[in-house]
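Each chain, written out:
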Amino acid sequence: MRLPKFDYRQPESIQEACAILLDQPDAKVLAGGTDLLVNMKHRVETPSMIVSLKGLRDLDYVRKANGMVRIGALTRLKKVYNDPFVAKKLPALAAAASSVGSYHHQTMGTLGGNLCQQTRCKYFNQSKWWRSARPLCFKAGGDPCHVAKKDQVCYSTYCGDVAPALLVLNAEVVLSGREGSKQVPLESIFSGVGKTPLNLEPGQILTEIVIPEQSADGFSTYKKIANRGSIDFPIVGAAVWTSASTGESRIALTAVDRKPVRTRQLEDFLKGLELNEETIQGVDGLVAKETQLMMSSIDSISYKRKLMGQLVKSALSEAMGGR
Amino acid sequence: MEKQFSVVGKRLPMVDAAAKVNGSAQFTDDLTFPGMLHGKLLRSPHPHAKILNIDVSKALRLPGVKGVVTGAEIPDRQYGIVPKARDEYALAKGKVRYIGDEVAAVCAIDPEIAEEAVDLIEVDYEVLPAVFNVQDSIKEGAPVIHEGVANNTSFAIRKEFGDVEKAFAESALVSEDSFYSQPVNHAPMEPHAAVAQYDPVRGQVVLWSSTQIPFFLRRNLSATLMIPESKVRVIKPKVGGGFGQKIDMFAKDFCAAWFAMKLGRPVKFVYERDEVFIVTRQRHPMHLTVKTGMAKDGRILAQQFLSYADGGAYNSTAPTMMALSCFFLMVPYHVPNLLYEGYHVYTNKPVGGAMRGHGIPQARFAVERQLDLMADRLNLDPADVRTKNSIKAGEPHPGGFVINTCGFAESVQLAAEAIGWKEKRGKLPFGRGVGMGGASFPSGVTNMSHISSGAVVQVGQDGGVNVLTGAADIGQGAETVIAQIVAEVLGVSLDDVRVTAADTGTTPLDPGTFGSGVTVRAGNAARIAAESVRKKLFECVADELEANPDDLVARDGVIFVTGSPEINITFPKALKAYQYKDLPMPLVGRASWMADTNEPTTLFTQPGNFSPNYSFMTQAAEVEVDTQTGKVKVLKMVTAHDCGRPINPMLVEGQLEGSIAGGMGQALYEDVITEKGQVMNPSFLDYGFPTTMEVPEMESIDIETDDPVGPFGAKEAGEGTQLSPAPAIVNAIYDAIGVNFNELPVTPEKILKALEEKKKQGV
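Position numbers for residues start from 1 in each chain and track the written sequence from start to end. Numbering of ligands from 1 and lettering of chains from A proceed in the order in which they are written. Note on the predicted model: pLDDT of at least 70 is required for a residue's local features to be given, and 80 or more for side-chain atom pairs to be given and counted; whole-chain, interface and lining totals, by contrast, use all residues. Note: side-chain values were computed over all heavy atoms of the structure, leaving out hydrogens and water.

## Topic: the interface of chain A and chain B
Where the parts come together, the accessible area they lose is often given as the size of the interface.
For step 1, the next point in the chain: Across the contact, 30 residues belong to chain A and 39 residues belong to chain B.
For step 2, the next point in the chain: Summed over both partners, the accessible surface that disappears when two parts come together, traced with a 1.4 Å probe, is what is meant by buried area. Of the roughly 2,900 Å² buried between chain A and chain B, counting both surfaces, carbon and sulfur atoms make up 50%.
For step 3, the next point in the chain: The largest share of the area that chain A buries against chain B comes from Arg2(A), Trp129(A) and Arg228(A), three residues that together contribute 23% of it.
For step 4, the next point in the chain: Throughout this description, the term salt bridge denotes a Lys or Arg side-chain nitrogen within 4 Å of a carboxyl oxygen of Asp or Glu. Seen at the junction of chain A and chain B, the total is six salt bridges.
For step 5, the next point in the chain: One salt bridge connects Glu675(B) with Arg134(A), and the closest N-O pair in it is separated by 3.6 Å.
For step 6, the next point in the chain: Pairs of N or O atoms within 3.5 Å make up the polar contacts considered here, provided that, within protein, one atom can donate a hydrogen while the other can accept it, and that residues adjacent in sequence are counted only when both atoms are side-chain atoms. Applying the counting rule to chain A against chain B returns 22 residue pairs in polar contact (both at pLDDT 80 or more).
For step 7, the next point in the chain: Counting from the N terminus, the helices are DSSP H or I runs at least four residues long and the strands are E runs at least two residues long. The dominant element in the side of chain A that touches chain B, judged by the number of residues it contributes, is helix α12 (residues 301–322) of chain A, at five residues.
For step 8, the next point in the chain: Three residue categories are used. Nonpolar comprises Ala, Val, Leu, Ile, Met, Phe, Trp, Tyr, Cys and Pro, charged comprises Asp, Glu, Lys and Arg, and polar comprises the others, including Gly. Looking at the side of chain A that touches chain B residue by residue, the classes come out as 11 nonpolar, nine polar and 10 charged. It only takes one pair of heavy atoms within 4.5 Å for two residues to be counted as in contact.

Printed below as a string of structure tokens:
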């Protein structure tokens, strides 16, 4: 498959990039390209212009300052999980980044790009002629959702590995625009709307990921079930962070809804409870309530539901051992 | 002791290994020609529809478009590898029968424009009711997929010998079980491609194609383009895998040639990956019911089969596939009474075709599973049941096969030992288990039609050997094997031999790569051609060596008198002597070989021998089932294998390892999932076949037999081992968790469901 025609710009500064994006509302940002280019080949994204961030060299770093770990959005996934502090103190992030796709995706894909990846669906991630056998789906510009069998909705699924890990590490992200930048909780950029999964304003670019160093105090892990060991999106992925000192836990899931999901009810339920075989017994039921599984992939809902419960339980069991 | 062979039996790298590693090997898509145009196909978005009108005017007006062709313009000639089963046009005429059926072709100055032009073609369809499974398709009143084919059943086979009913009555146990094998895709690394060039002065079309069957392709092109075979030249460049998927002609072959002839410019077609998945071929999904009568000691007394193959929209190899599926129930076990009924049924889905094992893996899965089920019911060891039922070399065969060598019983025993059968079977902790499956496969076909390979061996002045063969190396190493055979016969090194292969304009006739016949058939042709060269050379030097030509031996670059190696002449000197006698250079030998046969017959109604010889194998697996996720990890796979004498053990191992990955795919990972006839997972990502990370520890045990028919005693090694891994794995899953799965693939979801049910029942 070939790329459609597009104009290409490679700005030298964030401000210039933002200005171009404001000027060209249907332009798309190119970081590692592992998500965007495939979608363009499938013609589900057909931007008139690509704004490559390749020229913004100062967005590639992992550094610590003032109790924060700051990671540039263009830092390659491989560099993220190879960073000694991340590898040692933020195991959930290291595990998530090193489980993305294949090794090749990890050397090309960036942390910011991975967070901003498109939602996925078996009716959407297909070639143009494949999709011509059905009415154009809502996400691709038509009306129906073939998953929900309704109009004007989209139940595509967010499948990124890194987002749940960063959610449980309480990460924030810096969004840069022409007017300057602001730091917001990571969770707030995910809209939960299948058609437009990211809450980014026109001309805004995610430029930095900020993780409080306190998140390094505590147990964290990311667990993923995928078809194969070498390459694959998660069938389900779960990240867990727990603190022995405060009795708090944070849990997030991926590939279970239109956005990565923090399971707050479950967290509340676990608050102050001692984690043991008994307390984690009932977590499956609680997890299921906080997600909206749909048949957007070839894996069935019931199978995903079973895996989801098991993943969270096994991560919590590990946390018990880790304390 | 005098060593037996110098080149045959050696672990030598493939002759084209270096070129493939350094990237200089030329595959079809690597070829470019001045002025070359690029083609794309418009495909049906409907599973079943009448074509009312096609408007190509907008496409033709797009700058850069050089031609558009539809089914209405091409000759009324169907193609297909089995002449009596031809039912397909290169471009649909009046009707489409599955999502992906070819409707029109476009050719333009670059692939982007061609793709854009395809979108500009407007087609009016009248959508027809469609059927998506065998059960619905054979019903009265089902939509008719091909006019004149009643119950959408394009092919039926019935074969019977002995007295099945009587044997069932005498059996200690009669079991009837049903099985299902899913559709899987070959997924060769190289997508299907073709480039055509036309010489208007000579009226000749040259087609470079990613094909397994250059000569059959020539015949099909000649028939469909309506030009003589002598005006069609098919050249096979390097081919990046076929597995049976490239034994058909496809629209890309025809359309490339069509446009080249019309436009006088070279034209290239390359399929996308989703096209490879959807519009080429797949393994037939098959429903199979097996009724077996067994004596108390586990001897098979009779078997009765009823099979339905879901062929999709066209026949492709249907009759051959059904025949193979039937005949290979007669090996490796002795079945004294047999009744087989099989039906090939059309549906509005992707087309079934030849795929590694070709109809046999589905049947083998059923039988190997049922053997374990019945052994369990009779409280017998499945390994013993297999050994007990093994056919034996030299004994009369109920179906008329001639079995000269058979290492099957030994293979069961050796595979069992290597996997630790006695210590492990039934004794491992819950979640772990061992299982086995047996199989046998033909080395090509004897009786079905005229199937013969030719070879020409030329030796030049400097001692360089050139072998002309029509055999199609598709990555399996056919050219290496043929070169080793020739080198052995002539007593030269592999480096001295060059193979010129698979060009219908220059190389001798060969049916191509299918049915695992290449080593035996083309290998024998090359052997005899080389022997004829050697004979001429021996006659030439006999006087000088004062020996009888019959007493001479050629080995390691020297011709010597047998028993007196000091009386010798080097190969270059012998050649010089040949030249000085003014005998014609290059020194040429030619031969052809086909298996001994009477008049061609289908073997459907009478007994007869199917193949020149038969490989035998047992595979034994150890698996671990994750009871939390339902995932099955194959820990180890042992293959005990009788492929006669391997010409190149390293290439045989490559075949075994590939077939283990393929068998794991069939057992656990792969399924061409369709929704209303549309393939839902047509990509490497979504289809999800196993990768290196999933492949288990592999051990291969060679059981060497010296087959009298194969070259240097060789038998097939390419396909047979694809039959037994899936049943071995599923049998091991039973040993691990006590659940019998009779439907493939055994997905993690099915495992979890079964474990839950088991828990509920409190078993």
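## Some points on the packing of helix α10 (residues 360–377) of chain B against helix α11 (residues 382–389) of chain B
All names here are of chain B.
For step 1, the next point in the chain: A fitted line through C-alpha atoms serves as each axis, taken over the contacting stretch for helices, and the angle formed by two N-to-C directions is quoted from 0 to 180°. Look at α10 against α11: their axes get within 9 Å of each other, and the N-to-C directions meet at 115°. Two packed elements cross with a definite hand, and for α10 against α11 that hand is right-handed. Note on element contacts: α11 touches α10 through Pro382, Val385 and Arg386, opposite Glu368, Leu371, Asp372 and Ala375.
For step 2, the next point in the chain: The class makeup of the residues in the contact of α10 with α11 is four nonpolar, no polar and three charged. Handedness of a crossing is defined here by the sense of rotation of the near helix relative to the far one, left-handed for an anticlockwise turn of less than a right angle and right-handed for a clockwise turn.

## Looking at the pairing of strand β3 (residues 65–70) of chain B
Residues and elements named next belong to chain B.
For step 1, the next point in the chain: For the exposure calls, accessible area comes from a 1.4 Å probe over protein chains only, and a residue counts as buried if that area is under 20% of its type's maximum, exposed if over 50%, partly exposed in between. In terms of burial, β3 is largely enclosed, as five of its six residues are buried.
For step 2, the next point in the chain: In short, DSSP must find at least two bridges between two strands for them to pair. Relative to strand β5 (residues 102–108), β3 runs antiparallel, the two sharing five bridges. From the neighbouring strand, Val69 faces β5, where its bridge partner is Ala105.

## Comments concerning the environment of Arg233(B)
Residues and elements named next belong to chain B.
For step 1, the next point in the chain: Considering the arrangement of structural elements, one finds Arg233 in strand β11 (residues 232–235).
For step 2, the next point in the chain: For Arg233, a relative accessible area of 24% corresponds to the partly exposed category.
For step 3, the next point in the chain: Sequence separation between Arg233 and Leu221 is 12 residues, and the spatial gap between their C-alpha atoms is 9.6 Å.
For step 4, the next point in the chain: If we skip the residues at most four places from it in the chain, Arg233 touches Gln204, Val205, Val206, Leu207, Asp503, Thr504, Gly505 and Thr506.
For step 5, the next point in the chain: Of note is the side chain of Arg233, whose polar atom sits 2.6 Å from the side chain of Asp503.

## Brief notes about the sheet that holds strand β7 (residues 153–161) of chain B
Sheets are built from strands paired through backbone hydrogen bonds, the pairs being either parallel or antiparallel.
All names here are of chain B.
For step 1, the next point in the chain: Pairing within the open sheet is mixed, and its five strands lie in the order β7-β15-β14-β13-β8. For this open sheet the edge positions go to β7 and β8 (173–181), each flanked by a neighbour on one side alone. Direction aside, neighbouring strands of the sheet carry axes that sit 5° apart on average.
For step 2, the next point in the chain: For strand β14 (residues 300–312) and strand β15 (residues 338–346), the ladder comprises nine bridges, and the chain directions are parallel. Along β15, the bridge assignment pairs Ala309 with His344.

## Remarks on the environment of Phe132(B)
For step 1, the next point in the chain: Mapping Phe132(B) onto the fold places it in the loop between β6 (122–127) and α4 (134–137).
For step 2, the next point in the chain: Discounting chain neighbours no more than four positions away, the residues touching Phe132(B) are Pro47(B), Asp310(B), Thr347(B), Asn348(B), Lys349(B), Lys676(B) and Gly677(B).

## Examining the UniProt feature "domain: FAD-binding PCMH-type" (unreviewed entry) in chain A
For step 1, the next point in the chain: UniProt records the feature "domain: FAD-binding PCMH-type" (unreviewed entry) at residues 1–216 of chain A, using the numbering of this structure.
For step 2, the next point in the chain: The distance separating the terminal C-alpha atoms of residues 1–216 of chain A is 44 Å; by composition the span is 26% helix and 20% strand. UniProt positions are given in the numbering used here, feature names are shortened, and annotations may be inferred rather than shown by experiment.

## Structural notes on the packing of aromatic side chains
For step 1, the next point in the chain: Between the rings of Phe, Tyr and Trp (Trp by its six-membered ring), a pair exists once the centres lie within 6.5 Å; its type follows the angle of the planes, with under 30 degrees stacked, over 60 edge-to-face, and the other angles tilted. Scanning the model with the defined rule gives 24 aromatic pairs over all chains in all.
For step 2, the next point in the chain: Relative to Tyr314(B), the ring of Tyr98(B) has its centre 6.3 Å away and its plane inclined at 75°; by these criteria the two rings are edge-to-face. Placement of the pair is Tyr98(B) in the loop between β4 (95–96) and β5 and Tyr314(B) in the loop between β14 and α9 (318–327), with a sequence separation of 216 residues. Neither residue differs from the other here; Tyr98(B) and Tyr314(B) are each classed as buried.
For step 3, the next point in the chain: Consider the rings of Phe327(B) and Phe610(B), whose centres lie 5.7 Å apart with planes at 65°: the pair is edge-to-face. Here Phe610(B) lies in the loop between β23 (587–593) and β24 (614–625) and Phe327(B) lies in helix α9, a separation of 283 residues in the sequence. In terms of burial, Phe327(B) and Phe610(B) fall into one category: buried.
For step 4, the next point in the chain: Joined through ring pairs, the aromatic side chains of Phe155(B), Phe327(B), Phe328(B), Phe401(B), Phe441(B), Phe604(B), Phe610(B) and Tyr614(B) make up one cluster.
For step 5, the next point in the chain: The criterion for a charge sitting over a ring is simple: Lys NZ or Arg CZ within 6 Å of the ring centre, and within 35 degrees of the ring normal. Residue placement shows Lys195(A) over the ring face of Phe138(A); its charged tip is 4.4 Å from the ring centre.
For step 6, the next point in the chain: The positively charged end of Arg43(B) is found above the aromatic ring belonging to Tyr271(B), 5.1 Å away from the centroid.

## Quick notes on α10(B)
For step 1, the next point in the chain: By definition here, a helix of n residues has an expected span of 1.5 Å times n minus one. In this model, α10(B) (18 residues) spans 25 Å end to end at C-alpha, consistent with the 26 Å of a helix rising 1.5 Å per residue.
For step 2, the next point in the chain: Across the 18 residues that make up α10(B), a large majority, 16, are buried.

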